[in-house]
Amino acid sequence: MKGLFRGAARAWVIVIIVLLALALALHLLLPPLLLRFANKKLDEIPGYRGHIEDVDISLLRGAYQIQGVTLKKIDGNIPVPFFDAEAVDLSIEWRALFHGKIVGEIALNRPRLNFVSGPTAAQSQTSATDWRKPVEELLPITINRFEIFNGSIHYLDFHSDPKVDLRLDQLHAVATGLTNAQETKNPLPAHFHATGRAMEHAKLRVDMGVAPLADHPTFDLDAELTDLKLTTLNDFLRAYAALDAEAGTISVYTEAAASNGRFNGYVKPLLKDVDILDLKHDSRNPFQLAWEALAGAMAEIFQNQPRDQTATRIPFSGRVDNPSADIWSTVGGILRNAFIRALRPGIEDRIHLKDVPTPSEEKKQKRKEAKKS
């Protein structure tokens, strides 16, 4: 009996040693193999070249971490990459396993996107085409959760005078429920939430419910950017509008919803305490001064005097493949704000998924309008 026990114990010791040896071998051999595989996949993105510095493996977590990832455009001599990140963590979502789903999570640490405007297509950088398939092959399971830590997005123009750098930073974004890993009756089972700041001071917030598996884009979005100082946009204004902002802020509020191939929403910009013309700079081009004077006069005409603000509500609706903005409502919003009342700052909470007309409702509305005409 003792001999049998000793034999079984010896067998278990051998099994454990073999498993440890296999784990050690995987830990040593997998990183260089994954590094070579990942770099190959990134290089398959047309027009771009990718590079990864290192890969770490965590067998217990069922995860691997990519260190120092960069994606650069090959032609155009663009001085910044399209995308880079300090680290990208790809792992299995263990909670979803209890619901019979094998899904993954992606977390990006300090990612940066650089959109570049240039005089030619080669000198511009607006997106990396066909990037999704190579990236999806880096983690060959469906992604259910996506998170960004301390991210940034830049709009750059190196050819304008002056050069332009519009930026969002300190971005923290979380997207959950992207694959309906848990059964739910919620029409918008996935959720996206993001916060950040624009030009290093203005607060950004985005909240969106999403139906990621719907046949048509289906979402309910609220977003706001508040108290952005116009003076921080002067490089942009000088380069593209030949204007200088001496003072003032802009806030932008928007709500939108989409369902059944249709959408509904509004954008509400709000300008406060705007001062565009500075007559002390009399050495500037007289045509520049005339243009600024005209812009300042128009802002003054359409300004709500008691609150010293200029605002409008720009509604938009239509089909996803044919977006449109209601210009007459836009003009009416300007006049209403200027001469009747100031628009209330903030999200109005008036646009929801139920507000998007179904195809049958849209046909009924068109028939009613046809009868009236």
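Note: the structure precedes this text.
Model, not experiment: these values are computed from the prediction. (Residues numbered from 1 in each chain as written. Predicted model: local features only at pLDDT ≥ 70, side-chain atom pairs only at ≥ 80, totals over all residues. Heavy atoms only, no water.)

Draft legend 1. Geometry of the overall build of the chain. Helix and strand counts for the chain come out as 7 helices and 15 strands. Each of the 373 residues in the chain was classed as buried or not, and the buried ones make up 36%. Sequence separation of at least 24 residues holds for 61% of the intrachain contacts in the chain that already meet a minimum separation of 6. For the chain, the computed accessible surface area is about 22300 Å², with 61% contributed by carbon and sulfur atoms. (Helix = DSSP H or I, 4+ residues; strand = E, 2+ residues; numbered from the N terminus. Buried < 20%, exposed > 50% of the residue type's maximum accessible area, 1.4 Å probe, protein only. Contact = heavy atoms within 4.5 Å. Areas by Shrake-Rupley, 256 points an atom, 1.4 Å probe, with all protein chains shown as cover.)

Draft legend 2. Seen up close, the pairing of strand β11 (residues 247-259). Of the strand pairs in this sheet, strand β10 (residues 219-229) and β11 are connected by 9 bridges, and their pairing is antiparallel. Looking across to β11, one finds that E224 is bridged to Y253. Direction of pairing for β11 relative to strand β12 (residues 262-275): antiparallel, over a ladder of 12 bridges. Each residue of the ladder has a partner; that of S259, found in β12, is R262. Once β11 ends, the chain turns through 2 residues before running back antiparallel as β12, passing N260 with a positive phi of about 55°. (Pairing = 2+ DSSP bridges.)

Draft legend 3. Molecular detail of unusual backbone geometry. For the bond from D161 to P162, the omega torsion is 0°, close enough to zero to count as cis. Here E200, not a glycine, exhibits a phi torsion of approximately 70°, which is positive. Structurally, E200 is set in the loop between β8 (190-198) and β9 (202-210). Judged by its relative accessible area of 44%, E200 falls in the partly exposed class. Although it is not a glycine, D273 sits at a positive phi angle of roughly 50°. In this structure, D273 sits in strand β12.

Draft legend 4. Representation of the environment of N264. By secondary structure assignment, the location of N264 is in strand β12. The buried category is assigned to N264, whose relative accessible area is 19%. When neighbours within four sequence positions are excluded, N264 is seen to be in contact with E255, A256, A257, F316, S317, I351, D355 and V356.

Draft legend 5. How the structure looks around the nonpolar core. Judged by nonpolar contacts, the single largest core of 39 residues is most densely connected at I52, Y64, I66, V69, F83, V88 and L228. Non-local contacts of V88, meaning those with residues more than four positions away in its chain, are made with Y64, Q65, I66, V69, I106, A107 and L108. Grouped together as the second largest cluster of nonpolar side chains are 8 residues, A257, L270, I351 and V356 included. (Core = buried A, V, L, I, M, F, W, Y, C linked by side-chain atoms within 4.5 Å.)

Draft legend 6. A look at the pairing of strand β4 (residues 103-109). By the criterion of burial, β4 is predominantly enclosed, with 5 of the 7 residues buried. As paired elements, strand β3 (residues 83-92) and β4 share 6 bridges and run antiparallel to each other. Among the inter-strand pairings, I92 is bridged to a residue of β4, identified as G104.

Draft legend 7. Seen up close, the pattern of salt bridges. Counted by the stated rule, this structure contains 10 salt bridges. The shortest N-O distance in the salt bridge between R167 and E200 comes to 3.5 Å. Of the two residues, R167 sits in strand β7 (residues 164-176) while E200 sits in the loop between β8 and β9, which places them 33 residues apart along the sequence. A salt bridge links E224 to R205; its shortest N-O distance comes to 3.6 Å. Of this pair, E224 sits in strand β10 while R205 sits in strand β9, and the two are 19 residues apart along the sequence. Each of the salt bridges in this network shares a partner with another, and the network as a whole consists of D165, R167 and E200. (Salt bridge = Lys/Arg side-chain N within 4 Å of Asp/Glu carboxyl O.)

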